[in-house]
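# Examining the three-dimensional arrangement
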Amino acid sequence: MAFSGNTNADSVVYYKLQHSIKARFLRFVPLDWNPNGRIGMRIEVYGCTYRSEVVGFDGKSCLIYTLNKKLINALKDVISLKFKTMQSDGILLHREGQNGDHMTMELTKGKLSLLINLGDTKTHPSNAQINITLGSLLDDQHWHSVLIEHFNNQVNFTVDKHTHHFHAKGEFSYLDLDYELSFGGIPVPGKSGTLSRRNFHGCFENIYYNGVNIIDLARRHKSQIYIVGNMSFSCLEPQVVPVTFLSSSSFLALQGTSGQDEVFVSFEFRTWNKEGLLLSSKLHQSSSGFLLYLSDGRVKINLHKTGRVLSDIATGSGLNNGQWHSVSLSVKRSRISVRVDNDVTTSAHAFIPLQIYSDVFYFGGCPNTGNISECNTSFGGFQGCMRHISIGNKAVDMISIQQNGFGNFSDLLIDLCGITDRCLPNYCEHGGECSQSWNSFHCNCANTGYKGATCHYPIYEQSCEAYKHRGNTSGFYNIDSDGSGPLGPFLVYCNMTDTTWTIIQHNSTNLTRVKSANRENPHTVFFKYSASLEQLQATINLADHCEQELAYYCKKSRLLDKSDGMPLSWWIGRTNETHTYWGGSLPAVQKCACGLEGSCIDSQHYCNCDADRDEWTNDTGFLSYKDHLPVTEIVITDTDRPNSEAAYKLGPLLCRGDRTFWNSASFNTETSYLHFPTFHGEFSADVSFFFKTTASSGVFLENLGIQDFIRIELQSPSEVAFSFDVGNGPSEVIVQSHNSLNDNQWHYVKAERNVKEASLQIDQLPQRSHSAPPDGHIRLQLNSQLFVGGTASRQKGFLGCIRSLRLNGMALDLEERAKITPGVEPGCPGHCSSYGNLCHNGGKCREKYSGFSCDCTFSAYAGPFCKKGKQLLSNTGPDYKNFKKFLQSMKAVIQSTKTIAFGKKQQKTEITELRKPSIKISAYFWTGTSVTYNFQEYYTLAKNSSSHASSFYADMTLAREAITFAFRTTRTPSLLLYVSSFYKEYLSVILTRNGSLQIRYKLDSHQDPDVFSISFKSMADGQLQHVKINREEETLFVEVNQNERMKFILSSGTEFNAIKSLTLGKILENSDVDEETTKANSQGFVGCLSSVQFNHIAPLKAALHHSSSAPVIVKGRFTESNCGALTGADSTSSETTHSFADHSGPIDEGKPLANAIRSDSAIIGGVIAVVIFILLCITAIAIRIYKKKGMYSKNEAKGSENEDSAESALKSELSMQNTANENQKEYFF
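Below or above, wherever it landed, is the structure these notes cover. Remember, predicted model here, so these are calculated numbers, not experimental data.

A few words now on the overall build of the protein chain. The helix and strand tally for the protein chain stands at 12 helices and 85 strands. Looking at the protein chain as a whole, 50% of its 1229 residues are labelled buried. If you take every contact in the protein chain between residues at least 6 apart in sequence, the share linking residues at least 24 apart comes to 68%. Total accessible area on the protein chain stands at roughly 59200 Å², and carbon and sulfur atoms take up 50% of it.

See below:
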């Protein structure tokens, strides 16, 4: 606001503001002086009518208000007050009920916390506590306003106009609380729900509860008020004068205590800086001195003489946390001591050979002029606040120093602590951790999935399509569907085929059989996915197509009751709507696939199951309406009649393509452009896109405000500029390329601007950044339309193509807007010029409207990029599944005969299965040894295949495990075995501190692990212990040392999803495991492990005999041993000398074992004959399988080859049923 002043010394100019202003400070900046008079200014500020009721608490008192039960509103409560204090901790408000319900508002380290317990955890186990924290540095002796509003279950918590809105779960009613409110403390010792026990020391103003003036009632001694301790109706201002050291050159020089035998200096300080000089002086000689300073958040004192350090002591920690800390320095004779925060345990002492005296003490730094050797430091001056400065037990009067000039100072603010919390508001996004110094803040983006100065930009791609066009192959990837938006990244499996599939798993992929369900007692199953519903929705919206296979098998189990038209079974989708159409059908049509095709087994019905036959049939197909996916719940009600049964199986969510990755527009004239709504990126803004052009310059996009703007343009054939203005004047970031950018190939541009910096990156060139000015304007305010491909402020637009334009993670639909815009065409041809190099081995790049493909017709290779060897059979359909089983049968036989080598003198063969059973593979583990077997190599069978995306996913999901191993050790706790998952699921087998065996299964990343303990005796007795672990879905069997097998039941889940690796010894990767597993992993395992088997994997054998070819990584000292066959006394003395360390490599099943047993030629001939006979038999069986046609072969599930017991049993019944119905056929071999 600008105001015209008076024109002479006597007149007064009066202005009345239209709106009242609430502020701590007012700053007036003279713009011009009267040229005819002298310089001078007088300002008076008049406030509005304001009623103030204040009350003061001394830290030992409180005020209790008893509520009028008739006036209590169960649905609405409003509490408002103001407070000011110099204490960083204290209880402002407390209210507690009989059942453990309570609400507490408490000041903790200068921040205000609202703690709400919604009820007894036994009654409301999911509602535990809500703890909201607002504000910072609230112990600054200034008034702060607080408002708590409760309407039904909605709670608003406001501190100084910063509001946190949250929705309380469960029954949140103040009727569950006592009919009294306590202000300033808790009157009854031992009440629950507090973060500290300190009462409030300070002042309250205008306390209102639902419109009732509490302080006014207390002043009039009303019966509803009860006062504990001493309380006054005034607010006494403490005589404390803080001083602010604004810069590293600030200092305060005060007279010392020359000639006295004892020196005592004390003060309090607060700062965010880890380093800084607090106090300095000199010793007996001018060439000597002492320094009291901050180093890494600790107080240190350094005594030196002529460059030689006499003593260096330290005390305290974390003193740069912005809180007030007291320091006292005492020197008496030759003993010096330093104490922090009046804590005796933090005292540090030293003896010095010199006596200290001082004419001058320098606080915070030194004068710039002159050679003040006693305070020259490498870490700079102090930036922060000090108060309660005392020298020789005499307080320093800072007001007198300011007025009368006693002492010397520079660049200080007296009677004010100007510390600012730069982490409030917190500009670190996506959970980034904010830390700060006096002048700036820093965001730690570790483990957030984001990068940049404010953790704004994602480090992961938005889709599998984007990973594919970076040259990646099939595998697990994190994707971030909304880019820099609020949704975080999550793990998916990307199947990189000609069409890229994104596969998202859920918690129940097995076939489930259902009996005894009816409408009164339905069978209901809920599906939890590896991503939230919001993340799933963003992924589905991004995809070209999504589908999910739903198989429903039935025997006298209907989907629809034709008599009343009511559904008997249904499923629920993402939006919580009920759907009665089934796989292969369409929405709003209460039919199955056979009903649309007219192929149902009973033409009177629209689903096979509605025929209600006493034999197995099914309605199976893919659900593909994106707005309804994924399936979150299935309900079945018609299986309670005699011989009635149903079974269902839901596949993973499958999505293909990325409709935004190739979304593009061609700009054909320099005056053409697309316009979109205003871009809102006030504090963080990122823009990314691809472009290609032959023009030498042009504006990619622009958005204007009244003064602010943002613009990205091609300034020259090799230069891109990102310019903007947020009120600090125009800024520009430029990236220059050594190669021309107008070469008609796709180039990638990424620009980001936040409150700390602006950055620009082109392709893979180094990113260029410009820092924002300190304490400058930070809000980008735009109001015009967003122009793409042109500009409103210049004539020359952009000629060429722009593709995949995203602003703050949101994609703009260029093609739809281009359809209705003259001079702009949707789409842009010519992708092969940029991506043709991805087609390898003679593959030809073929243009598509959206992207490209590699034609491998004339290449010896196949796959999306012509990099994989071609297969003889098409791996689609049921024939391929049978052929895979045939190959596995052959593989089992061939596995027994790894290689046959014919020499000149003697025929030799290596047969792995001829190993004697008594030979056990054992190894001795030393401290820190780690053996990790990576399972992902076993997924390569399905990688890059053109089969349907779901056909391999079950290979990565385990419904059962068979684990055997033996061990001997004397160390506890120990980690014996650990199996990890890409979805943060795991299995750990540990020895606890008392030597008992403990198995910990975590099959749901959102729940605590299931823990099963076996405590026969201490198993860390140096004897060989044998362990067998078998899991069948939720049932776990454990056998130890051939004792009786024990049975346990899991509650965390039945499926082990996407297993990643198996570790023996110490876990070296970052793992999110429970506390007990972490303790066991601290030592890893020291001792002998033997005969380790996980399903068909033998990790010890792979590490010892195939360390260069198997997918095994060995770290640390690892020695092959026969300790698994010896007694405890002989185990260490009989070890072999084969040592391994730090080996890794891919699997190669064709490589022979090094130490296999060799047989003579007679055995070779017999083995060859047996093998040939078996192969002929298998070939005949395979022909039989290929010719056999089942009634439902076309609907065969595309899931796992390793079927569970329920599915095997059902398919056995179906097979018997089909065999009885088909004609008898004979085959002769």
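Evaluated as defined, the whole model comprises 15 disulfides. Shown here is the disulfide that connects C428 with C443, its sulfur atoms set 2.0 Å apart. Judged by the sign of its S-S torsion, about -85 degrees, the bond between C428 and C443 is left-handed. Of the two residues, C428 is situated in the loop between β30 (412–414) and β31 (433–436) and C443 in strand β32 (residues 441–444); the sequence distance between them amounts to 15 residues. C443 shares its class with C428; the two are buried. Across the disulfide from C839 sits C854; the S-S distance is 1.9 Å. An S-S torsion of about -85 degrees defines the bridge between C839 and C854 as left-handed.

Attention now moves to the pairing of strand β18 (residues 262–270). In terms of burial, β18 is largely enclosed, as 7 of its 9 residues are buried. Note that β18 and strand β23 (residues 325–332) share 8 bridges and pair antiparallel. Residue pairing in the sheet places S266 in a bridge with S328 of β23. Two strands pair when backbone bridges link them, and β18 and strand β27 (residues 384–391) are joined in this way by 5 bridges, in the antiparallel orientation. From the neighbouring strand, S266 faces β27, where its bridge partner is S390.

In this section: a nonpolar patch on the surface. A contiguous nonpolar patch, built from F3, V13, Y15, L17, I21, L26, F28, W33, I39, M41, I43 and V45 and spanning about 1200 Å² of accessible area, is present on the exposed surface. Tracing the chain through its elements places I21 in the segment before β1 (54–58).

Ordered in space as β76-β75-β74-β73-β81-β70-β83, the 7 strands form an open sheet in which the pairing is antiparallel. The open sheet is flanked by β76 (1010–1014) and β83 (1112–1115), the only strands paired with a single partner. Within the sheet, the average angular offset between the axes of one strand and its neighbour, ignoring direction, is 10 degrees. Where strand β73 (residues 974–981) and strand β74 (residues 986–991) come together, 6 bridges link them in antiparallel fashion. Opposite V979, over in β74, you have L987 as the bridge partner.

Next up on the list: the packing of aromatic side chains. Across all of its chains, the model carries 40 aromatic pairs by this definition. Both rings, one in Y427 and one in F441, keep their centres 6.3 Å apart while their planes meet at 35 degrees; by these two values the pair is tilted. Linking Y427 in the loop between β30 and β31 with F441 in strand β32, this pair joins segments that are 14 residues apart in sequence. Both rings, one in F700 and one in F798, keep their centres 5.0 Å apart while their planes meet at 55 degrees; by these two values the pair is tilted. With F700 in strand β52 (residues 698–704) and F798 in the loop between β59 (786–788) and β60 (800–807), this residue pair connects regions lying 98 residues apart in the sequence. Grouping residues by exposure puts F700 and F798 together as buried. In textbook terms, an aromatic cluster arises when at least three aromatic residues are bridged by ring pairs, as seen for F661, W662, F690, Y748, Y835 and F852.

The next thing to look at is the pairing of strand β58 (residues 768–771). Pairing of strand β57 (residues 757–762) with β58 involves 4 bridges; the strand directions are antiparallel. Bridge assignment links S759 to a residue of β58, and that residue is S769. Counted along the chain from β57 to the antiparallel partner β58, the turn is 5 residues long, and its residue D763 has a positive phi close to 50 degrees.

With that out of the way, let us pick up the sheet that holds strand β55 (residues 731–736). The strand order across the open sheet formed by 6 strands is β50-β59-β52-β53-β54-β55, and the pairing between neighbours is antiparallel. Since the sheet does not close on itself, it has two edges, and those belong to β50 (674–676) and β55, each with one partner. Geometrically, the sheet is characterised by an average inter-axis angle of 15 degrees between neighbouring strands, direction not taken into account. Here strand β53 (residues 709–716) pairs with strand β54 (residues 719–725) via 7 bridges, running antiparallel. In the strand pairing of β54, F709 is matched with D725.

Here the focus is the side chain of S684. Checked against the element boundaries, S684 lands in the loop between β50 and β51 (685–692). Within polar-contact distance, the side chain of S684 engages the side chain of E429 at 2.5 Å. Excluding its chain neighbours within four sequence positions, the residues that come into contact with S684 are E429, T454, H456, R753, N754 and N808.

This part covers helix α4 (residues 533–542). The set of residues buried in α4 consists of Q535, L536, A538, T539, I540 and L542. Turning to α4, the residues buried within the fold contact β35 (475–479), β36 (490–496), β37 (500–504), β40 (545–555), β48 (653–656) and β60.

Turning our attention to the pattern of salt bridges. Enumeration over the complete set of coordinates arrives at 24 salt bridges. With its nearest N and O atoms 3.7 Å apart, the salt bridge here joins R51 to D216. Of this pair, R51 sits in the segment before β1 while D216 sits in helix α1 (residues 214–219), and the two are 165 residues apart along the sequence. Accessibility expressed as a relative area gives 15% for D216, which makes it buried. Its salt-bridge partner being R220, residue D216 comes within 2.9 Å of it at the nearest N-O pair. The exposure class of R220 is partly exposed, given its relative accessible area of 44%. Shared partners join several salt bridges into a network, and the residues in it are R51, E53, D216, R219 and R220.

What counts, and where the lines are drawn
Residues numbered from 1 in each chain as written. Predicted model: local features only at pLDDT ≥ 70, side-chain atom pairs only at ≥ 80, totals over all residues. Heavy atoms only, no water. Helix = DSSP H or I, 4+ residues; strand = E, 2+ residues; numbered from the N terminus. Buried < 20%, exposed > 50% of the residue type's maximum accessible area, 1.4 Å probe, protein only. Contact = heavy atoms within 4.5 Å. Areas by Shrake-Rupley, 256 points an atom, 1.4 Å probe, with all protein chains shown as cover. Disulfide = S-S within 2.5 Å. Pairing = 2+ DSSP bridges. Patch = residues over 30% accessible without salt bridge, like charges linked within 9 Å, V, L, I, M, F, W, Y side chains within 5 Å. Salt bridge = Lys/Arg side-chain N within 4 Å of Asp/Glu carboxyl O. Axes fitted to C-alpha atoms, helices over the stretch in contact; angles between N-to-C directions. Phe/Tyr/Trp six-rings, centres within 6.5 Å; stacked < 30°, edge-to-face > 60°. Polar contact = N/O pair within 3.5 Å; in protein donor to acceptor, adjacent residues only side chain to side chain.

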